[in-house]
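Here is how the chains run, residue by residue.
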Amino acid sequence: MLTLANASYDALIVVDRDCKILAINNTAEALFGVTNPAGSLLANITGAPELTMMVDDALTNEEESFETQLIINMSNYKVASKVVKRDGHYFIALALQDITQLVRLNRARRDMVANISHELRTPIAKIRSIIDSLFHDQDKPKRKDSIHSLREIARETDNLLWLVQEMMDLSMIE
């Protein structure tokens, strides 16, 4: 089983109800900078009291499995716990998946969408303003002014098309 656990990219730890480490894979050892910490307390090895609280909550609430996100060693992790009861003993497995890159990409995408939304407002507002000025009730449209306004509308429409194409390209990249 440890060979299978060592093949995982995720950090895997199995503890008992006292939060003593029973098994740990190589990825978890590298994450916490320890070697063969079996028998040690989870909090002493990880330096993350949230993991111990997660184990305690799982045992108290008798939750079979639970997931949350934690920051450990300046990185974001999705942590899943699973409680297994065998022969009257409780074993709690913790799987830590590094999602730092995913969190960073989501933040960048959110910022980009906010920027594009802001950029889209300008040409839309300008087109609306030009159209309003063309068809204002008090003014009769003049041919020269109308042609100039239509050119402005065409230019702003080109800007909108460019922004939409950028968003489509980004979608394809994702």
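Throughout, residues of each chain are indexed from 1 in the direction in which the sequence is written. In keeping with the model being predicted, local features are shown solely for residues with a pLDDT of at least 70 and side-chain atom pairs are shown and tallied solely at 80 or more, while totals for entire chains, interfaces and linings include all residues. Side-chain metrics rest on all non-hydrogen atoms present in the structure, leaving aside hydrogens and water.

**A word on the nonpolar core**
Put simply, the test is: Throughout, nonpolar core names a set of buried Ala, Val, Leu, Ile, Met, Phe, Trp, Tyr and Cys residues whose side chains join them through atoms within 4.5 Å. Working definition: with a 1.4 Å probe on protein chains only, accessible area under 20% of the residue-type maximum means buried, over 50% means exposed, and in between means partly exposed. Secondary structure is summarised from DSSP: a helix means a run of H or I of at least four residues, a strand means a run of E of at least two, and numbering begins at the N terminus for each. Note on contacts: a residue pair is in contact if any heavy atoms of the two residues lie within 4.5 Å.
Judged by nonpolar contacts, the single largest core of 26 residues is most densely connected at Ile-13, Phe-32, Leu-42, Leu-51 and Leu-96. At the level of secondary structure, the elements contributing two or more residues to this core comprise strand E1 (11-16), strand E2 (21-24), helix H2 (26-32), helix H3 (42-46), helix H4 (49-60), strand E3 (65-72), strand E4 (75-86) and strand E5 (89-98). It is H4 that contributes the most residues to this core, five residues altogether. Dropping the residues within four chain positions of it, Leu-51 is found in contact with Phe-32, Leu-42, Thr-46, Leu-70, Ile-72, Val-79, Leu-94 and Leu-96. One finds Leu-120, Leu-134, Leu-160 and Leu-163 within the second-largest nonpolar core, a separate group that totals eight residues.

**Some remarks on helix H5 (residues 100-134)**
Here is the rule: Multiplying 1.5 Å by the residue count of a helix minus one yields the expected span of that helix.
Given a rise of 1.5 Å per residue, 35 residues ought to cover 51 Å, and the 52 Å separating the end C-alpha atoms of H5 matches this to within 8%. When we look at burial in H5, the residues that qualify are Val-103, Ile-116, Leu-120, Pro-123, Ile-127, Ile-130 and Leu-134.

**Notes on the environment of Val-83**
Structurally, Val-83 can be placed in strand E4. Between the C-alpha atom of Val-83 and that of Glu-64, which follows or precedes it by 19 residues, the distance is 5.0 Å. Those residues in contact with Val-83 that lie beyond four places of it in its chain are Ala-58, Leu-59, Glu-63, Glu-64, Tyr-90, Phe-91 and Ile-92.

**Digging into the side chain of Thr-46**
Heads up, the condition is: Here a polar contact is taken to be a pair of N or O atoms separated by no more than 3.5 Å, where protein atoms must pair a possible hydrogen donor with a possible acceptor and residues adjacent in sequence count only if both atoms sit in side chains.
Within the secondary structure, Thr-46 is located in helix H3. Taking relative accessible area as the criterion, Thr-46 reaches 6% and is therefore assigned buried. At a separation of 3.1 Å, a polar atom in the side chain of Thr-46 contacts the main-chain amide nitrogen of Ala-48. Not counting residues within four places of it along the chain, the set of residues in contact with Thr-46 comprises Ile-13, Phe-32 and Leu-51.

**Description of the environment of Ala-43**
Among the secondary structure elements, Ala-43 is positioned in helix H3. Given the relative accessible area of 34%, Ala-43 is considered partly exposed. Residues Ala-43 and Cys-19, 24 residues apart in the sequence, show an inter-C-alpha distance of 7.9 Å. Once residues within four sequence positions are removed from consideration, Ala-43 is found in contact with Ala-48 and Thr-52.

**Let's talk about the sheet that holds E2**
Formally: Any two strands are treated as partners once DSSP identifies two or more bridges connecting them. Under this scheme, a helix contributes an axis fitted over its contacting stretch, all axes are lines through C-alpha atoms, and angles between N-to-C directions fall in the 0 to 180 degree range.
Read from one edge of the open sheet, five strands run E2-E1-E5-E4-E3, paired in antiparallel fashion. Two strands in the sheet have a free side with no partner beyond their single neighbour: E2 and E3. Within this sheet the neighbouring strands show an average axis-to-axis angle of 25°, counted without direction. Across six bridges, the pairing between E1 and E5 is antiparallel. In the sheet register, Asp-16 faces E5, and the bridge partner there is Phe-91.

**Looking at the pairing of E1**
Within a regular strand, the side chains alternate between the two sheet faces. As defined by bridge partners, E1 adjoins E2 across three bridges and the pair is classed as antiparallel. Looking at the pairing, Ile-13 lines up with Ile-24 of E2. Between E1 and E2, which pair antiparallel in sequence order, lie four residues; one of them, Cys-19, sits at a positive phi of approximately 65°.

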